[in-house]
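# A structural walkthrough
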Amino acid sequence: MIRDITIGQYYQTKSVIHELDPRVKLMGTMVFIISLFFGKSIWMYLAVTVFLAAVIKLSRVPLKFIVKGLKAVLILIIFSAAFNLFLTDGEVVVRLWKLKITKEGIYQAVFMVIRLMYLIMGSSLMTLTTTPNNLTDALEKSLGFLKVIKVPVHEIAMIMSIALRFIPILIEETDKIMKAQMARGADFENGNLIKRAKAMVPVLVPLFISAFRRANELAMAMEARCYHGSEGRTKMKPLKYNRRDRIAYAVLAVYLCGIAALNIYMGGRII
Amino acid sequence: MGIVRTENLTFEYIRRDEEGNVEGITTAVDNVNLDLQAGQFIAILGHNGSGKSTLAKHFNALVSPTEGTVWVDGMDTRDDAKTLDIRQTAGMVFQNPDNQIICTLVEEEVGFGPENIGVPTDEIWLRVEESLKAVGMYQFRKASPNKLSGGQKQRVAIAGIVAMKPKCIILDEPTAMLDPSGRKEVISVLHELNKRENVTIILITHYMEEVIDADRVFVMDDGKIVLSGTPREIFSQAEYLKRLRLDVPQVTELAYELKQAGIPLPDGILTKEELTAALTAFKG
Ligand SMILES: Nc1ncnc2c1ncn2[C@@H]1O[C@H](COP(=O)(O)OP(=O)(O)O)[C@@H](O)[C@H]1O
Ligand SMILES: [Mg+2]
């Protein structure tokens, strides 16, 4: 399960989406997420689905990779579906003992599941098609105006990109430590929540120690390679907008306007 | 004056308890005087805890001497204004390949150093290409470092330093975490760089096989330089090396044992061929 986390991983291939400017992808992801929470008509979800499917197809990332990211948040999805299913007031459809399921609840639950799934899929698609360096470059550039009020934008971006690089390494290490502890008789699968949480302590302690050691060594390696903040630093891949980026922005604008128009037209109706 | 020179260099680690009182002092480097010549392949040997890493960090201005002075290409490492120049002149590669790779793409990783020293974009691309070719990793430029073998990762780390055009590369046990084939890859890349690009190599290791082709070898023990000379001179002292808990190469060891058993062989035999020749001469 721990290996299922695809957030922050990069899928290497050649595609239009991979080659877009990361700022476009950042903006696109934001637009997509906003559009998800816009309205609740079936037509809108259809439009969103078509858009997502088209982008996935263009990105040439296998669907399997994108769906894998969902496994890690499965519990969250189930919980929010259940809450919506049982706790929404309205026209009662089924009554189970003290719980009641309403028609509105069913819609809400289905929509919530779709929203969460698309949210995860949309954001994993961004990280799958953008190298962390590129992504943090985009953040650094987009948020550059915050430097005026002394926000260390470059440093935050650097921290993020390093964190993203170390996620797979630490995941692998957690896996290794868990297996080592299992070989010594540790049990992570059985028992109640408290017991299982306790079983994690012998995993987390060595993990933290090794993470600090890594951090220390990495800091030294960065210093040894003359890293000294953003001052006087040049870029190997400076961000530059191309024709396809302008087209992508136009597509995003059309998409957002389309979704908004659809919602105004539907005026709160579901079908 | 050599590319790296130290004078009475001493470094102490001071351990403190929670109140900040001194608990103990470890003298990791003890009065070391070195004068390393540019263009050479230099090896520093020593068992664990003999102070090799601490000494190496001085060459890169990562630590400041407790006493004495270190000059890198004539620059005093205590001078803060020179720190970046020193690090550019003497690049450093570390032991664990995973903990020194910063970026998620091989080419970006190699470009990281040049970015930091403000090399213009076009020039960065040129340097990345050249240095990846120099270590034979050009075809992996678009790969993720996580997917490479240990030896390949270390070659990328070396390319990352080469791209900064240093005069000297210091490598702190770069092969300690590699398998034998990865070890060979790395060492041969280093010799190549030394010969072709005339980069000074300072290789820190405890594998004796890796120092056979060095121009000059220094042996450290307990923070001090206890031996220095050519590999042949060093390996002729098999007994002393053993006392320092260093293993001599198998062939040298065999020659040493044969000599102990009364067969007259020359000191410091380094290769199989030399041993065969010496034995044939003895028989004939
Ligand atoms: N950060 C540190 N704090 C305290 N003592 C240290 C530290 N690093 C190394 N030492 C001590 O300094 C000595 C030399 O260590 P080091 O330079 O790492 O040797 P080597 O690289 O040859 O194994 C050892 O006795 C070690 O315990
Ligand atoms: Mg060491």
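Residues numbered from 1 in each chain as written. Chains lettered and ligands numbered in written order. Predicted model: local features only at pLDDT ≥ 70, side-chain atom pairs only at ≥ 80, totals over all residues. Heavy atoms only, no water.

Turning next to the overall build of chain B. Helices and strands together make up the secondary structure of chain B, namely 10 helices and 10 strands. A globule of 284 residues ought to have a C-alpha radius of gyration of about 19 Å, and chain B, at 20 Å, matches this closely. Across its three principal axes, chain B shows a C-alpha extent of roughly 65 × 55 × 40 Å. A burial count over chain B gives 53% of its 284 residues as buried. For chain B, the accessible area works out to roughly 12,500 Å², and carbon and sulfur atoms hold 46% of it. (Helix = DSSP H or I, 4+ residues; strand = E, 2+ residues; numbered from the N terminus. Rg over C-alpha atoms; globule rule 2.2 N^0.38 Å. Buried < 20%, exposed > 50% of the residue type's maximum accessible area, 1.4 Å probe, protein only. Areas by Shrake-Rupley, 256 points an atom, 1.4 Å probe, with all protein chains shown as cover.)

Under the counting rule described, the total for this entry stands at 24 salt bridges over all chains. Here B:Glu173 and B:Lys52 are joined by a salt bridge, their closest N and O atoms 3.6 Å apart. In this pair, B:Glu173 sits in the loop between strand 7 (168-172) and helix 6 (180-196) while B:Lys52 sits in helix 1 (residues 52-59), placing the two residues 121 residues apart along the sequence. Comparing B:Glu173 with B:Lys52 shows no difference in burial state: the two are buried. Between B:Lys153 and B:Asp98 there is a salt bridge, and its shortest N-O distance comes to 2.9 Å. In this pair, B:Lys153 sits in helix 5 (residues 150-162) while B:Asp98 sits in the loop between strand 6 (90-93) and helix 3 (106-116), placing the two residues 55 residues apart along the sequence. What you see here is one network of salt bridges that share partners, running through A:Lys237, B:Glu107, B:Glu108 and B:Lys142. (Salt bridge = Lys/Arg side-chain N within 4 Å of Asp/Glu carboxyl O.)

With 30 residues of chain A at the interface, the matching set in chain B holds 39 residues. Carbon and sulfur atoms supply 55% of the area that chain A and chain B bury against each other, a total of about 3,200 Å² over both sides. Together, A:Arg165, A:Arg225 and A:Met236 form the three largest contributors to the area buried by chain A at its contact with chain B, with a combined 29%. Viewed at the interface, chain B and chain A are joined by 5 salt bridges. B:Arg87 is paired through a salt bridge with A:Glu223; the nearest N and O atoms lie 3.3 Å apart. Summed over the shared surface of chain A and chain B, the result is 16 residue pairs in polar contact (both at pLDDT 80 or more). At the level of elements, helix 7 (132-142), helix 8 (153-183) and helix 9 (193-224) of chain A are the ones that each hand at least two residues to the side of chain A that touches chain B. With 8 residues, the single largest contributor to the side of chain A that touches chain B is helix 9 of chain A. (Contact = heavy atoms within 4.5 Å. Buried area = accessible area lost by both parts, 1.4 Å probe. Polar contact = N/O pair within 3.5 Å; in protein donor to acceptor, adjacent residues only side chain to side chain.)

A word on the site of ligand 1. All names here are of chain B. Lining the immediate environment of ligand 1, one finds Tyr 13, Thr 26, Ala 28, His 47, Asn 48, Gly 49, Ser 50, Gly 51, Lys 52, Ser 53 and Thr 54. Here an oxygen atom of ligand 1 and a backbone polar atom of Gly 51 are 3.1 Å apart. Breaking the shell around ligand 1 down by element, the ones donating at least two residues are strand 2 (22-36) and helix 1. Take the shell around ligand 1: its biggest share by element is 3 residues, from helix 1. By residue class, the composition of the shell around ligand 1 is 2 nonpolar, 8 polar and 1 charged. (Near = heavy atom within 4 Å. Nonpolar A, V, L, I, M, F, W, Y, C, P; charged D, E, K, R; others polar.)

Residues and elements named next belong to chain B. Here 5 bridges tie strand 9 (residues 216-221) to strand 10 (residues 224-229), and the two strands are oriented antiparallel to one another. Bridged to Met 220 within strand 10 is Ile 225. Connecting strand 9 to the antiparallel partner strand 10 that follows it, the hairpin turn spans 2 residues, and Asp 222 within it adopts a positive phi of roughly 50°. (Pairing = 2+ DSSP bridges.)

This next bit is on the sheet that holds strand 3 (residues 41-45) of chain B. All names here are of chain B. Here we have 6 strands laid out as an open sheet, ordered 6-7-8-3-9-10, and mixed in their pairing. Across the chains shown, the open sheet's two edge strands, defined by having one partner strand only, are strand 6 and strand 10. Across the sheet, the mean angle from the axis of one strand to that of its neighbour is 20°, orientation sign disregarded. Note that strand 3 and strand 9 share 4 bridges and pair parallel. Looking at strand 9, one finds that Ile 42 is bridged to Arg 216. (Axes fitted to C-alpha atoms, helices over the stretch in contact; angles between N-to-C directions.)

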